[in-house]
Amino acid sequence: MATTPSNKMRPKPHLPPNLPSLVATAFSRSVATKTVNFYPTSVTLLTINSIPFQLRYSPSLASKPKPPSVTTPKLFFNPFASPTQEMLITPFGTSPPSHNLVLNKFAVVPEHFILSTSAFKPQTHLLEADDLAAAYACIDAYARHNKELFVFFNSGDHSGASQPHRHLQLLPVENMKEGLEGEWDVLAKGLTDPNTRGKLPFEVFARDIEGLGGDGEELRRVYLELYNQACEAVLGVAEDIKHEGEAQISYNLAMTNNTMAVVPRLTEGGVVKDKDGQEVGNLALNGTVLAGTALVRSEMEWNALREDPDQVNQVLGRIGVPNRARM
Ligand code: AMP
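Computed from a prediction, not measured in an experiment: that's the story for all the values here. Residue numbering note: each chain is counted from 1, following its sequence as written. Reporting of local features is limited, given that this is a predicted model, to residues whose pLDDT is at least 70; pairs of side-chain atoms are given and counted only at 80 or more, and all residues count toward the totals for whole chains, interfaces and linings. The side-chain numbers reported here are obtained from all heavy atoms of the structure, hydrogens and water having been left aside.

### Structural notes on the overall build of the protein chain
Quick reminder of the rule: Only DSSP runs of H or I reaching four residues or more are called helices, and only runs of E reaching two or more are called strands; each is numbered from the N terminus. For a compact globule the rule gives 2.2 Å times the number of residues to the power 0.38, and the radius of gyration it is set against comes from C-alpha atoms. Only heavy atoms matter for contacts: two residues are in contact if any of them lie within 4.5 Å across the pair. Here the open area of atoms and residues is found with the Shrake-Rupley method and a 1.4 Å probe, where only the protein chains shown may cover a residue. In this tally Asp and Glu are treated as negative and Lys and Arg as positive; neither His nor the chain ends contributes. Every charge is mapped to an atom, namely NZ of Lys, CZ of Arg, CG of Asp or CD of Glu.
The helix and strand tally for the protein chain stands at seven helices and 13 strands. Relative to the compact-globule value of 20 Å for 327 residues, the protein chain shows a C-alpha radius of gyration of 19 Å, a close match. Along the first, second and third principal axes, the C-alpha set of the protein chain runs to 60 × 50 × 45 Å. For the protein chain, the proportion of contacts with a sequence separation of at least 24, taken over those separated by at least 6, is 69%. When the accessible surface of the protein chain is split by element, carbon and sulfur atoms take 52% of a total near 14500 Å². Across the protein chain, the 30 positively charged side chains and the 35 negatively charged ones have centroids separated by 4 Å.

Structure follows, in structure tokens:
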């Protein structure tokens, strides 16, 4: 049988055992030298159909580069092609290293970091077993220090993605809780419960993945199962769903220690209006939506959404396939 990238035997990726402190040290150093833009965020808690949802205003996002489709592709700088020493946390994976861990230049919470492929691979192609194994190895490395990581991936025009070089993003959960008053936890962790999924305005597919790390082959089987369900929800057909190369839909993926979730995406978000009905911005959601988080990039949007939180609910109703359980 032909050997494909996803069924080659490969060892489990090894990471430095002190990963959380390595990330923390790199982050503080780069904030001090202003290599990383991090401004303290403001956060408030909303309740969306009885799910605690955080709205986080992150001024760093205002300076984040736009995707190449809205800039000139020739001028587009790829930050993951050869990361500088200051941005690089560590290379890792089998030899030669398949992946890099790098700091996110526009951190939404402290120690926001990125897992990117060492060689260029498209963000819109399906993830391979070694990408998933590498992400789960990071989750495991944090778990060894009793810390949780939320991993997310944005793929396709409607997913909130901006960089074409393949990368997943990682957020330490304790930092996502910073500044919050009230009960909130990562939404994805509860998404294997159909009651929780049923409360969301959009369709989401989820499976238990606890302990499935290893070489990533089992994770990839789960990922493809969820991806198939997402494709069927958008395209309405079960046949002709390809498991290599370009993805056929826009979607976000989320991973925690126990859950993998995939949400098919139809739009990036929607407009935000102030109390006089004037448009003040656009709420664009990415994979952090699967953590129960909406990131806001301007103060005007932040004020308008806090005044009228139902606008968040309306945007959530537009980003994906309407949830059949709620119709
Ligand atoms: P996405 O928008 O999902 O494609 O993710 C791309 C991420 O890369 C965003 O979270 C950006 O903040 C981050 N980013 C953009 N430019 C750089 C850079 N020069 N170095 C590190 N991270 C960056």
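### Some remarks on the environment of Leu126
Quick note on the threshold: Think of it in three bands: residues with accessible area under 20% of the maximum for their type are buried, residues over 50% are exposed, and the middle band is partly exposed, with areas taken using a 1.4 Å probe on protein chains only.
With respect to the helices, strands and loops of the structure, Leu126 is situated in the loop between strand 5 (113-117) and helix 2 (129-143). In this structure Leu126 comes out as buried when scored by relative accessible area, which is 2%. Contact partners of Leu126, with chain neighbours within four places excluded, come to Arg166, Arg220, Tyr223, Leu224, Tyr227, Lys242, His243, Glu244, Gly245, Ala247 and Tyr251.

### Topic: the sheet that holds strand 13 (residues 293-296)
Basically, it comes down to this: In this scheme, strands are said to pair when DSSP sees at least two bridges between them. Lines fitted to C-alpha atoms define the axes here, with helix axes fitted over just the stretch in contact, and angles between the N-to-C directions of these axes take values from 0 to 180 degrees.
What the three strands build is an open sheet, ordered 1-2-13; its pairing is mixed. Each of the sheet's edge strands pairs with one partner strand only, and the pair in question is strand 1 (42-48) and strand 13. With strand direction ignored, the average angle separating the axes of adjacent strands in the sheet is 25°. Here strand 1 runs beside strand 2 (residues 51-57); their pairing, made up of seven bridges, is antiparallel. If you follow Thr47 over to strand 2, its bridge partner there is Pro52. With respect to the sheet, helix 6 (residues 299-307) is in contact with strand 1, strand 2 and strand 13, its orientation differing from that of strand 2 by roughly 150°.

### Focus: the nonpolar core
Heads up, the condition is: In these notes, a set of buried Ala, Val, Leu, Ile, Met, Phe, Trp, Tyr and Cys residues joined through side-chain atoms within 4.5 Å is what counts as a nonpolar core.
Ranked by internal contacts, the top residues of the largest apolar core, which has 50 residues, are Leu101, Tyr223, Tyr251, Leu253, Met255 and Met260. Per-element tally for this core: the top contributor is helix 2, with nine residues. Core analysis: the second largest hydrophobic core is formed by 45 residues, Leu61, Phe152, Leu171 and Met176 among them.

### Here we look at the packing of helix 2 against helix 5 (residues 217-235)
Rule in force here: For classification purposes, an angle smaller than 35 degrees is called roughly parallel, one larger than 145 roughly antiparallel, one from 65 to 115 roughly perpendicular, and anything else oblique. Polar here means any residue outside two lists: the nonpolar Ala, Val, Leu, Ile, Met, Phe, Trp, Tyr, Cys and Pro, and the charged Asp, Glu, Lys and Arg; Gly therefore counts as polar.
Relative orientation of the contacting elements helix 2 and helix 5 amounts to 110°, with a least axis distance of 8 Å. It follows that helix 2 is roughly perpendicular to helix 5 by the angle criterion. Listed contacts from helix 5 to Ala129, Leu132, Ala133 and Tyr136 of helix 2 are Glu217, Leu219, Arg220 and Tyr223. Here the contact of helix 2 with helix 5 is composed, by residue class, of six nonpolar, no polar and two charged.

### Some details on the site of the ligand
Note the following rule: Each residue is tested against the molecule or strand, and it is near if at least one of its non-hydrogen atoms lies within 4 Å. A 3.5 Å cut-off defines polar contacts: any pair of N or O atoms within that distance qualifies, except that in protein one atom must be a possible hydrogen donor and the other a possible acceptor, and neighbouring residues in sequence count only when both atoms are side-chain atoms.
Residues in close proximity to the ligand total 18 residues, the closest being Asn104, Asn154, Ser162, Gln163 and His167. One of the side-chain nitrogen or oxygen atoms of Asn104 is found 2.7 Å away from an oxygen atom of the ligand. A distance of 2.6 Å is found between an oxygen atom of the ligand and a side-chain nitrogen or oxygen belonging to Ser162. Isolated, the ligand exposes 500 Å² of accessible area, and the fraction of that covered by the protein chains is 94%. Here the shell around the ligand is built from residues that sort into nine nonpolar, seven polar and two charged.

### Overview of the packing of aromatic side chains
Two aromatic rings, taken as a pair, are described by how far apart their centres are and by the angle between their planes. Keep this limit in mind: Aromatic contacts are taken between Phe, Tyr and Trp rings whose centres are within 6.5 Å, Trp giving its six-membered ring; a plane angle under 30 degrees counts as stacked, one over 60 as edge-to-face, and the others as tilted.
Per the stated rule, a full pass over the model turns up eight aromatic pairs. Note on Tyr57 and Trp302: the rings are 6.0 Å apart at their centroids and 25° apart in plane angle, and the pair reads as stacked. With a gap of 245 residues between them, Tyr57 in strand 2 and Trp302 in helix 6 connect regions that are remote in the sequence. According to the relative accessible area criterion, Trp302 is buried, its value standing at 6%. Here the aromatic cluster, defined as three or more aromatic residues joined through ring pairs, consists of Phe153, Tyr223, Tyr227 and Tyr251.

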